[in-house]
2 protein chains.
Amino acid sequence: MSRQPRLSFAASDSSASSRERRTIGLGLIGLGTVGTGTARVFVEHQHEIERRLGCRLELKHVCSRSILKRRDLTWLGREVKRTRDWREVLRDPGVDVAIELVGTPSTALTIARAALQARKHLVTANKNLVAEHGRELAERSAQARVNLGIEACVAGGTPILHAIREGLAGEHFNALFGILNGTTNYILTEMEQRGCSFREALAEAQARGYAEPDPTLDVEGHDARYKIAILAMLCFGRSVRVRDIPVEGIARIEQVDFAYAHKLHHTIRLIGAAQRRGERLMVFVRPMMIPGAAQLAGVHGATNGILMVGSKGGNTMITGRGAGGEATGVAVLSDVVEIARAILAGGASTSPLGYMHWRPGKLAPVGDNVVGAYLRLVVRDRPGILSRVCTILARHGINIDSVLQEPGHSKSRLPFVMTLEPTREDRVARAVREIRRLPFLAAPPLTMPFAELP
Amino acid sequence: MSRQPRLSFAASDSSASSRERRTIGLGLIGLGTVGTGTARVFVEHQHEIERRLGCRLELKHVCSRSILKRRDLTWLGREVKRTRDWREVLRDPGVDVAIELVGTPSTALTIARAALQARKHLVTANKNLVAEHGRELAERSAQARVNLGIEACVAGGTPILHAIREGLAGEHFNALFGILNGTTNYILTEMEQRGCSFREALAEAQARGYAEPDPTLDVEGHDARYKIAILAMLCFGRSVRVRDIPVEGIARIEQVDFAYAHKLHHTIRLIGAAQRRGERLMVFVRPMMIPGAAQLAGVHGATNGILMVGSKGGNTMITGRGAGGEATGVAVLSDVVEIARAILAGGASTSPLGYMHWRPGKLAPVGDNVVGAYLRLVVRDRPGILSRVCTILARHGINIDSVLQEPGHSKSRLPFVMTLEPTREDRVARAVREIRRLPFLAAPPLTMPFAELP
């Protein structure tokens, strides 16, 4: 085994020496957090990546609307062309791979279509774009015989999409459960560990830069919804309309819910799930009660974690950074490496979303789901409350598993919790709508399913 | 977005319809646990995998030395050719991908060389083969312009090798720490959770089929050593000689070590590690003290877990099944899918071991490592013992962090523990060699480093 440095694998192969000379050109559109992070990671890892590929990679062209004002880009290198017009990047014959990292979904779609039209390989980190238009982009890239890289769209620093599409390509997935949004997981684990309120944890997340000034997209679960839509495509070969996926955020979770969860040996996480239900899929995003011993319960802070349930390989879990410019930049560059390998191999795009043949993406209604539930009520205490609530539950045929009440709360705003035996969710929802109308309620009831993890 | 079933991605592309008709033929050599598992997973997942590929996959030829005696293979299908001679599989022009799953490394090497010589794509699950001859196979596959699949060699059910080579191809890895052997992890977690002895846990593992009748390869760490050698190749682009990697097994761990570890808020795991040390690598397999809150401490039973430490993407962890015929079969088939995609795309092999350019795989001596250590002594109690031990440690310039002694042990065989402040490991080793000669020792001293996980 030779010990000389930088020995090429296939030194005796004439095609290898042509690979040596080959340069693959990159065009970067968008220099926000992810764009800047990607460029920084590229500059620092370029040498290592070139050892992997056995060819040169060059950042040829960057585009940013504010490029003329940015005087801090000397580290990009002098030979990199700069423009405010993304069309110039796509017209540059030196650019083989277009990296689209603009934030606005409509602009991203225009750029993506134009890039594939121009037969540039395309890498994007825009989850909205891929969740809404993934199949169109996959079809266009197959027609143009170029590659499409989307690893950065879900859980930036983790290799989750490659794991599904390639590493576990021989698996038949039954389900996937993910903590897909770092902001909400940071908030929930702060509430869990420090005993603070949702508001306090959110303020902390904003102060640390984990949450946006307007946190709605994260807190209401919409960000996680785009991601579970993409994961469902890759796991099951079905495209699901994002707006059809039921979503529920974490803003109504209170400190007291963690106290009760703890008593029940559970914790609370915002879960994006996609599961087979016969010929349909059940897909949702919502807060769930997670058994304390489950791996997902061990995912703390701004981390992402995804549990894949296979029919033969069992449970596989990936955890890692879900956001941040440089972590997402690693994912972008991983796609660039894969595309560069395909270019060097002379191959074209195949099933960038995991499947060549698709099935209808019909959703099974969550109401059909039979699951145990946590029901938290906050009442103005007076005699007969439990009897009224129990009567309604009994009328809907719902069995009560336990009733819990922690001491130390005011009589005018008394929280207590019932756990319900596995029941159809639509039946629980109907009962809760009735309970909501009871005159002694001090806050709307909160229900959360107990996650049944394999 | 169309909802009709089995819609092809690129229905308008003429190349897609030629893909439709394409059949890719598989030849399976070896029908032991992994071979049978692979065939079973193939039969059950074939339809799903063909949806992914948009082409037919066919098992054309199987080879097993005992094929004539096996009457239980009707589920393989009647059209599958059967032979006792692997050369026939490689001569079959219908076989595009040779799947080598024989156990014996020397036979595996002969078959692998012949398969690449015959320009068959090659998938292997033989970790010895890849750890010892990986670069040779990679060079031969590059020359033959065929692909090489090795995912099944490490942590069968997990997509760890694809994660390193593709999903995180844009990362610059600093280190990797893995629980790479399910048998030893099962034994250690049984000792941890049930408080049983090593012998009892081993017997339990054997009864459950997690351990071989002769468990040496697992228990002494040799199985994990092959795997860390492969992981080091993929992470760092350096080939390390397997026999140069220091290895230490778990047979000397006693129940009392878990009691002390617990007191120190740690647990014990057999860790394979590969870390950058300047221009060298530090690679080893040995039991380590792992902080109780670390993700690796949460890997229980016959599960594998691998923590990758990147310089930009942070820590990424993958856990899942490490062994078993069907879990390993999923990994084998995942490689088959990847190779089929490459065949359909018209591409050839590029950097199957992650790198085209290699660096010398020089190992840094473990003795240079500065690390805190756990030192357990078992003594025949009498006055002056601690003073003798402390004198030796002081003479070697080693500071003691704490001394622990659990009650309830016999005076004639009294275990106690010292934790040592971070010190060069070779210095600790020299001191321990001196301590070992003290007359009051009832058993050789045991040292374990405290893992410093990022």
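Cut-offs and rules
Residues numbered from 1 in each chain as written. Chains lettered and ligands numbered in written order. Predicted model: local features only at pLDDT ≥ 70, side-chain atom pairs only at ≥ 80, totals over all residues. Helix = DSSP H or I, 4+ residues; strand = E, 2+ residues; numbered from the N terminus. Buried ≥ 20, exposed ≤ 12 C-beta atoms within 10 Å, placed from the backbone. Contact = placed C-beta atoms within 7 Å. Pairing = 2+ DSSP bridges. Least-squares fit on C-alpha atoms with pLDDT ≥ 70 in both. Domains from an automatic or database assignment. Nonpolar A, V, L, I, M, F, W, Y, C, P; charged D, E, K, R; others polar. Axes fitted to C-alpha atoms, helices over the stretch in contact; angles between N-to-C directions. Parallel < 35°, antiparallel > 145°, perpendicular 65-115°, else oblique. Left-handed = near helix turned anticlockwise from the far one by under 90°. Arc of directions from axis to C-beta. Core = buried A, V, L, I, M, F, W, Y, C linked by C-beta atoms within 7 Å. pLDDT = per-residue confidence, 0-100.

A. Looking closely at the overall build of chain A. The secondary structure content of chain A amounts to 14 helices and 17 strands. Counting only C-alpha atoms and orienting by the principal axes, one finds that chain A spans roughly 85 × 50 × 45 Å. Expressed as a percentage of the 454 residues in chain A, the buried residues total 54%. Within chain A, residue pairs in contact and separated by at least 24 positions form 74% of the contacts whose partners lie at least 6 positions apart.

B. Seen up close, the pairing of strand β16 (residues 414-424) of chain B. Residues and elements named next belong to chain B. The sheet contact formed by strand β14 (residues 370-379) and β16 spans 9 bridges and is antiparallel. Bridge assignment links R376 to a residue of β16, and that residue is V417. By the bridge criterion, 4 bridges tie strand β15 (residues 400-404) to β16 in an arrangement that is antiparallel. Note that in β16 the partner of S402 across the bridge is T419.

C. Structural context of the interface of chain B and chain A. At the interface, 76 residues of chain B touch 77 residues of chain A. Within the residue set of the side of chain B that touches chain A, elements represented by two or more residues are β1 (7-8), α2 (33-53), α5 (127-144), α6 (160-167), β12 (315-321), α12 (325-345) and β13 (357-358) of chain B. For the side of chain B that touches chain A, the element with the most residues is α12 of chain B, which contributes 14 residues. In this structure, strand β12 (residues 315-321) of chain A lies alongside β12 of chain B, joined through 3 bridges in antiparallel fashion. Its bridge partner lying in β12 of chain B, M317 of chain A is registered against T319 of chain B.

D. Looking closely at the relation of the copies chain B and chain A. In the superposition of chain B on chain A (RMSD 0.0 Å, axial shift 0.0 Å), the rotation amounts to 180°. Both copies are brought into coincidence by an operation consistent with a two-fold rotation axis. In terms of proximity to the rotation axis, the leading residue of chain B is G347 of chain B, whose C-alpha is 2.0 Å off the axis. By residue overlap, the copies meet face to face through one surface: 100% of the interface positions of chain B are interface positions in chain A.

E. Quick peek at the domain arrangement of chain A. Residue and element names in this part refer to chain A. Looking at the assigned domains, one finds that chain A contains domain 1 (14-155 + 325-345), domain 2 (160-321) and domain 3 (369-449). The C-alpha centroid of domain 2 is placed 28 Å from the C-alpha centroid of domain 1. Counting residues at the interface gives 13 residues for domain 1, matched by 16 residues for domain 2. For the side of domain 1 that touches domain 2, the element with the highest residue contribution is helix α5 (residues 127-144), accounting for 7 residues. Tallied by class, the residues present in the side of domain 1 that touches domain 2 amount to 7 nonpolar, 2 polar and 4 charged.

F. Looking closely at the packing of helix α7 (residues 182-194) of chain A against helix α8 (residues 198-207) of chain A. Residues and elements named next belong to chain A. Where α7 meets α8, the axes come as close as 9 Å, and the angle between the chain directions of the two elements is 130°. Viewed along their axes, α7 and α8 adopt a mutual orientation that is oblique. For the pair α7 and α8, the sense of crossing is right-handed. Taking contact as the criterion, the partners of T183, Y186, I187, E190 and M191 in α7 are, on α8, F198, A201, L202, E204 and A205. Partitioning the contact of α7 with α8 into residue classes produces 7 nonpolar, 1 polar and 2 charged.

G. Representation of the sheet that holds strand β15 (residues 400-404) of chain A within the structure. Residues and elements named next belong to chain A. An order of β15-β16-β14-β17 is seen for the 4 strands of this open sheet, with the pairing classed as antiparallel. Looking at which strands have only one partner, the edges of the open sheet turn out to be β15 and β17 (441-449). Taking the axes of each pair of neighbouring strands and ignoring which way they run, one obtains an average angle of 15° across the sheet. Strands β14 (370-379), β16 (414-424) and β17 of the sheet are contacted by helix α14 (residues 425-436), whose axis makes an angle of about 170° with β17.

H. Structural context of α8 of chain A. Residue and element names in this part refer to chain A. When we look at burial in α8, the residues that qualify are A201, L202 and A205. Along the axis of α8, the buried positions cluster into a sector of 100°, meaning they face one direction only. For α8, the exposed residues set more than 90 degrees away from the buried face come down to R199 and A207. Packed against the buried residues of α8 are α7. Downstream of α8 by a residue or two, G209 has a phi angle that is positive, lying close to 80°.

I. Local environment of the nonpolar core. The biggest cluster of nonpolar side chains holds 291 residues, and the ones touching the most others in it are L176, A232 and A274 of chain A together with L176, A232 and A274 of chain B. With residues near it in sequence (within four places) discarded, A274 of chain A still touches A175, L176, I228, L231, A232, C235, F236, L281 and V283 of chain A.

J. Expanded view of the environment of P246 of chain B. Residue and element names in this part refer to chain B. Assignment of secondary structure puts P246 in the loop between α10 (222-236) and α11 (255-263). Given 15 C-beta atoms within a 10 Å radius, P246 is considered partly exposed. Separated by 141 residues in sequence, P246 and S387 have C-alpha atoms that sit 32 Å apart.

K. Up close: the confidence of the model for chain A. On average, chain A scores 92 in pLDDT, and the residues at 70 or more come to 95%. Contacts for the low-pLDDT stretch residues 1-20 of chain A, under 50 throughout, to residues beyond four places or in other chains number 30 contacts.

L. Focus on the packing of helix α13 (residues 385-395) of chain A against α14 of chain A. Residues and elements named next belong to chain A. The interhelical angle for the contact between α13 and α14, taken along N-to-C directions, is 150°, at an axis separation of 9 Å. Between α13 and α14, the angle falls in the class roughly antiparallel. For α13 against α14, the interelement crossing comes out right-handed. The residues of α14 that touch α13, namely those facing V389, I392 and L393, are A431, E434 and I435. Considering only residue class, the contact of α13 with α14 consists of 5 nonpolar, no polar and 1 charged.

M. Spatial organisation of unusual backbone geometry. Look at R119 of chain A: it is not a glycine, yet its phi comes out positive at around 60°. By the element assignment, R119 of chain A lies in the loop between α4 (105-117) and β6 (121-124). Phi at A155 of chain B takes a positive value of approximately 50°, unusual for a residue other than glycine.

N. A look at the sheet that holds strand β11 (residues 303-310) of chain A. Sheet architecture is open: 10 strands sit in the order β10(A)-β9(A)-β8(A)-β11(A)-β12(A)-β12(B)-β11(B)-β8(B)-β9(B)-β10(B), paired in antiparallel fashion. With one partner strand each, in any of the chains shown, β10 (280-291) of chain A together with β10 (280-291) of chain B form the two edges of the open sheet. Ignoring strand direction, the axes of neighbouring strands in this sheet form an average angle of 15°. Examined bridge by bridge, β11 of chain A and β12 of chain A share 7 bridges and lie antiparallel to one another. Across the sheet, the residue bridging to L307 of chain A is M317 of chain A, located in β12 of chain A.

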